[in-house]
Amino acid sequence: MSSGENQRRYDEIMRKIAGRKPFGEKARAEQSASPLGRALDMVNAYDSFARLTQDTYPNILCHGPKALHGKAWSSLVVWYRQKGYHGYQKLELFGVWAHYADEELLLSVGIRKLSYRAPIFDAGVYRVAIENGFHLYYDDDGHPPGGEDQLLYQASFDTRERLAHRQALADILMEWRRKAGTA
């Protein structure tokens, strides 16, 4: 990055920091009125992913969960990185997305890899900020997995099949926990 790009990114980060709520102030969970949010509620996404952040893992630090929304998608994600000083360079976003593709409501579970994008790194500030979100340092909106991402599950969402979707999500989360070293 050139010095001009670094300064622009630094100014943007400082603007985002100034506009944040004080640390420790939790966002209120609200019931979603949108079909996308309801699909995530029906598969118990929040509670399922919240359990992941309550465990201690031997090699990773896991944060979240956080509900994110875009124009034609909603998601529930956790984010994690390798332990150690240089672990901040790559962050993985693990989540479930309800999104539209060709007028069809899809439910997708996947892992997206994000690279650190800020011009500087301050371990103390990063440690506190990363617990509340990843946007500031990784410049990503949390959109659904695409071609370069790891797609673990994708199916058309049908409310009559919600228990099958819920079971598929539970199986994927159990496998992730096993690989992370806690199950």
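Reading the values: rules and limits
- Residues numbered from 1 in each chain as written.
- Predicted model: local features only at pLDDT ≥ 70, side-chain atom pairs only at ≥ 80, totals over all residues.
- Heavy atoms only, no water.
- Helix = DSSP H or I, 4+ residues; strand = E, 2+ residues; numbered from the N terminus.
- Contact = heavy atoms within 4.5 Å.
- Areas by Shrake-Rupley, 256 points an atom, 1.4 Å probe, with all protein chains shown as cover.
- Lys, Arg positive; Asp, Glu negative; His and termini not counted.
- Charge placed at Lys NZ, Arg CZ, Asp CG, Glu CD.
- Salt bridge = Lys/Arg side-chain N within 4 Å of Asp/Glu carboxyl O.
- Buried < 20%, exposed > 50% of the residue type's maximum accessible area, 1.4 Å probe, protein only.
- Polar contact = N/O pair within 3.5 Å; in protein donor to acceptor, adjacent residues only side chain to side chain.
- Pairing = 2+ DSSP bridges.
- Axes fitted to C-alpha atoms, helices over the stretch in contact; angles between N-to-C directions.

Visitor: Help me understand the overall build of the protein chain, please; the structure alone is not making it clear to me.
Guide: Assigned secondary structure in the protein chain consists of six helices and five strands. Along the chain direction, N to C, the helices and strands of the protein chain fall in the order α-α-α-β-β-β-β-α-α-β-α. By sequence separation, contacts in the protein chain at least 24 residues apart represent 59% of the contacts at least 6 residues apart. With an accessible surface of roughly 10700 Å², the protein chain has 49% of that area assigned to carbon and sulfur atoms. Charge centroids of the protein chain, computed over 25 positive and 23 negative side chains, lie 5 Å from each other.

Visitor: What is the right way to look at the pattern of salt bridges in this model?
Guide: Two side chains carrying opposite charge are able to pair once their charged atoms lie near each other. Overall, the coordinates contain ten salt bridges when judged by the stated rule. For Arg 160, the salt bridge identified is with Asp 158, shortest N-O distance 2.8 Å. Among the charged side chains, a salt-bridge network with shared partners connects Arg 8, Arg 9, Glu 12 and Asp 139.

Visitor: So what exactly am I meant to see when it comes to the environment of Lys 66 here?
Guide: Among the secondary structure elements, Lys 66 is positioned in strand β1 (residues 60–69). Among the residues examined, Lys 66 registers a relative accessible area of 27% and is labelled partly exposed. When the C-alpha atoms of Lys 66 and Ser 2 are compared, they prove to be 33 Å apart, with 64 residues separating the residues in sequence. With residues near it in sequence (within four places) discarded, Lys 66 still touches Ser 75, Leu 76, Val 77, Trp 79, Asn 132, Gly 133 and His 135. A distance of 2.8 Å separates a polar atom in the side chain of Lys 66 from the backbone oxygen of Asn 132.

Visitor: Before we go on, may I ask you to explain the sheet that holds strand β3 (residues 90–101) in this structure?
Guide: Backbone-to-backbone hydrogen bonds pair the strands of a sheet. The strands run either parallel or antiparallel. Read from one edge of the open sheet, five strands run β1-β2-β3-β4-β5, paired in antiparallel fashion. In this open sheet, the two edge strands, each paired with only one partner strand, are β1 and β5 (150–156). Between one strand axis and the next, the sheet turns through 15 degrees on average, direction left out of account. Alignment of strand β4 (residues 104–115) against β5, held across six bridges, turns out to be antiparallel. Residue pairing for β5: Ile 111 is matched across the bridge by Gln 150.

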